[in-house]
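A structural walkthrough
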Amino acid sequence: MQPTHHPVISSTGLFTPQESISNAELVESFNAYVAKFNADNADAIAAGEVESLSASSVEFIEKASGIKARHVMSKAPILDIDTMAPRWPERSNDEISVLAEIGVIAAKEALERAGRDAKDVDAVLCAASNMERAYPAMAIEIQQALGIDGFGFDMNVACSSATFGIQTAADYVRSGNARSVLVVSPEITSGHLNWRDRDSHFIFGDVATAVLVEDSSIAPAQHWDILGTKLKTVFSNNIRNNFGFLNRAHPETAGNADKLFVQEGRKVFKEVVPMVAQMIVDEAERLEIDPTGLRRMWLHQANTGMNRLIAHRVLGHEANEDESPTVLDSYGNTSSAGSIIAFHLHGADLKDGDTGLICSFGAGYSAGTVFVRKVG
Ligand code: COA
């Protein structure tokens, strides 16, 4: 008889950049940029040839999104109105790349928490919204830095990259192709954010997370059973970034705003909330889990309003911070890492047998659910 393999989450890891930008600092810089733009273009604006820019506000940002601050890898250039983008000295090919470096820090924490030696890991998936280069894969660089003998590859499903990575890792374990897989999500989202765009300049922050998915036979005594995973994609242009190797014009050059993150925020809100809530309820039914009895939901961190609505539809009542914790206020939207940060920071207090849900959603559209049960 074939041995059966059962995937679990053994541990997680988190890297948080030291620097953080408050809404007040962000708005001060943005509004200085707006004032300079309007002054520099005063004649053209008066002649009706150029549209004047409007100021941003702390109150709007907090009310519309729930975000109060965001961690970033490179604060000063982002706030410098002549740059408004992250910057650091270019690294040579002999130095570890930035995404790999922060991914390794998160991965090391996950390995340490599980008591796992890197040489016993079989595979590394680098699952994130933006890769630092086309190739070689970030995952292979992370694999080498950790001393893992196996294989690695990159995958990008935007904000759902981490949950898609967890299902992929779980499938490797189920099939017996791997017993221990690291899913690493270094999200330097400050690089794809248009810091000059009033509608979205407040959204994103930088972070890296890691999830160690393993066969239950080798997992530490305390772990999370993966009860079931479900993925869904539905094409939409409402969140889009046209940057790519066929259009090499610099994204910050005028006329190239579509080579950075752009979205129709209202449409995203309206279309994604019902899609994700239904997906969670359907998947709970398939797994014979009563969704109203979920102990905790670690939802994607894009907007407090979206999370409130989704949690309400699933739980059948207004969720409190204990049932649906938010990390948006201090991290902002960290793309695929958001639900993993929430799980990492707000999972320890759950008891043996408690059931929870990790859920992501975002560009594609894409959505992923991972139902888990605490063991130990
Ligand atoms: N400061 C002040 N006012 C602003 C502003 C800013 N930075 N940005 C926009 N506004 C104004 C708009 O001009 C508009 O004014 P009007 O009503 O006079 O036209 C008003 O605020 C509302 O703007 P709108 O863009 O409709 O805001 P919103 O309430 O939809 O909130 C988002 C914007 C982006 C926070 C919200 O739509 C959202 O989070 N959507 C989901 C996004 C998401 O999850 N994306 C996934 C990314 S991975």
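Here is what the cut-offs are and how they apply
- Residues numbered from 1 in each chain as written.
- Predicted model: local features only at pLDDT ≥ 70, side-chain atom pairs only at ≥ 80, totals over all residues.
- Heavy atoms only, no water.
- Helix = DSSP H or I, 4+ residues; strand = E, 2+ residues; numbered from the N terminus.
- Rg over C-alpha atoms; globule rule 2.2 N^0.38 Å.
- Buried < 20%, exposed > 50% of the residue type's maximum accessible area, 1.4 Å probe, protein only.
- Areas by Shrake-Rupley, 256 points an atom, 1.4 Å probe, with all protein chains shown as cover.
- Lys, Arg positive; Asp, Glu negative; His and termini not counted.
- Charge placed at Lys NZ, Arg CZ, Asp CG, Glu CD.
- Pairing = 2+ DSSP bridges.
- Axes fitted to C-alpha atoms, helices over the stretch in contact; angles between N-to-C directions.
- Contact = heavy atoms within 4.5 Å.
- Salt bridge = Lys/Arg side-chain N within 4 Å of Asp/Glu carboxyl O.
- UniProt positions renumbered as here; feature names shortened; annotations may be inferred.
- Near = heavy atom within 4 Å.
- Polar contact = N/O pair within 3.5 Å; in protein donor to acceptor, adjacent residues only side chain to side chain.
- Nonpolar A, V, L, I, M, F, W, Y, C, P; charged D, E, K, R; others polar.

**Focus on the overall build of the protein**
A count of helical and extended segments in the protein gives 11 helices and 13 strands. Here the C-alpha atoms of the protein give a radius of gyration of 21 Å, agreeing with the 21 Å that 2.2 N^0.38 yields for 376 residues. With the principal axes as the frame, the protein shows a C-alpha extent of 80 × 55 × 35 Å. For the protein, buried positions account for 53% of its 376 residues. Entry remark: accessible area of the protein is about 16,800 Å², with carbon and sulfur atoms responsible for 50%. Averaging the coordinates of the 32 positive side-chain charges in the protein and doing the same for the 49 negative ones gives two points 3 Å apart.

**Regarding the sheet that holds strand β13 (residues 366-375)**
Here nine strands make up an open sheet; going across it, the order is β5-β4-β6-β7-β1-β8-β13-β12-β11 and the pairing mixed. At either end of the open sheet lies a strand with only one pairing partner, and these are β5 (151-155) and β11 (296-299). Within this sheet the neighbouring strands show an average axis-to-axis angle of 25°, counted without direction. Packed onto the sheet, helix α5 (residues 98-114) meets β1 (7-15), β6 (180-188) and β7 (206-215) and runs at close to 130° relative to β1. The strands touched by helix α11 (residues 338-345) within the sheet are β1, β7, β8 (223-233), β11, β12 (355-362) and β13, with β1 carrying the most contacts at an inclination of about 95°.

**Some points on the pattern of salt bridges**
Taken as a whole, this structure holds 14 salt bridges when the rule is applied. In this structure, the salt-bridge partner of R174 is D171, at a minimum N-O distance of 2.6 Å. Pair noted here: R174 and D171 are both in helix α7 (residues 161-175), with a separation of three residues, about one helical turn. Judged by relative accessible area, R174 falls into the partly exposed class, the value being 34%. When the shortest N-O distance is used, the salt bridge between R296 and D322 registers 2.7 Å. Of this pair, R296 sits in strand β11 while D322 sits in the loop between α9 (304-315) and α10 (328-331); the two residues are 26 residues apart in sequence, bridging distant segments of the chain. Look at the salt bridges and you will find they share partners, linking R295, R296, D322 and D349 into a network.

**Looking at the UniProt feature "domain: Beta-ketoacyl-[acyl-carrier-protein] synthase III C-terminal" (unreviewed entry) in the protein**
Annotation from UniProt places "domain: Beta-ketoacyl-[acyl-carrier-protein] synthase III C-terminal" (unreviewed entry) at residues 286-373. Span residues 286-373 is 28% helix and 23% strand, its end C-alpha atoms 16 Å apart.

**Describing the site of the ligand**
Taken together, 18 residues sit near the ligand, with C159, R198, Q263, R266 and N303 positioned nearest. One of the side-chain nitrogen or oxygen atoms of Q263 is found 2.7 Å away from a nitrogen atom of the ligand. One of the side-chain N or O atoms of N303 is found 2.7 Å from an oxygen atom in the ligand. Considered on its own, the ligand offers 970 Å² of accessible surface; in the complex 72% of this is hidden by protein. Those elements giving two or more residues to the shell around the ligand turn out to be α3 (58-65) and α8 (265-286). In terms of residue class, the shell around the ligand is built from eight nonpolar, seven polar and three charged.

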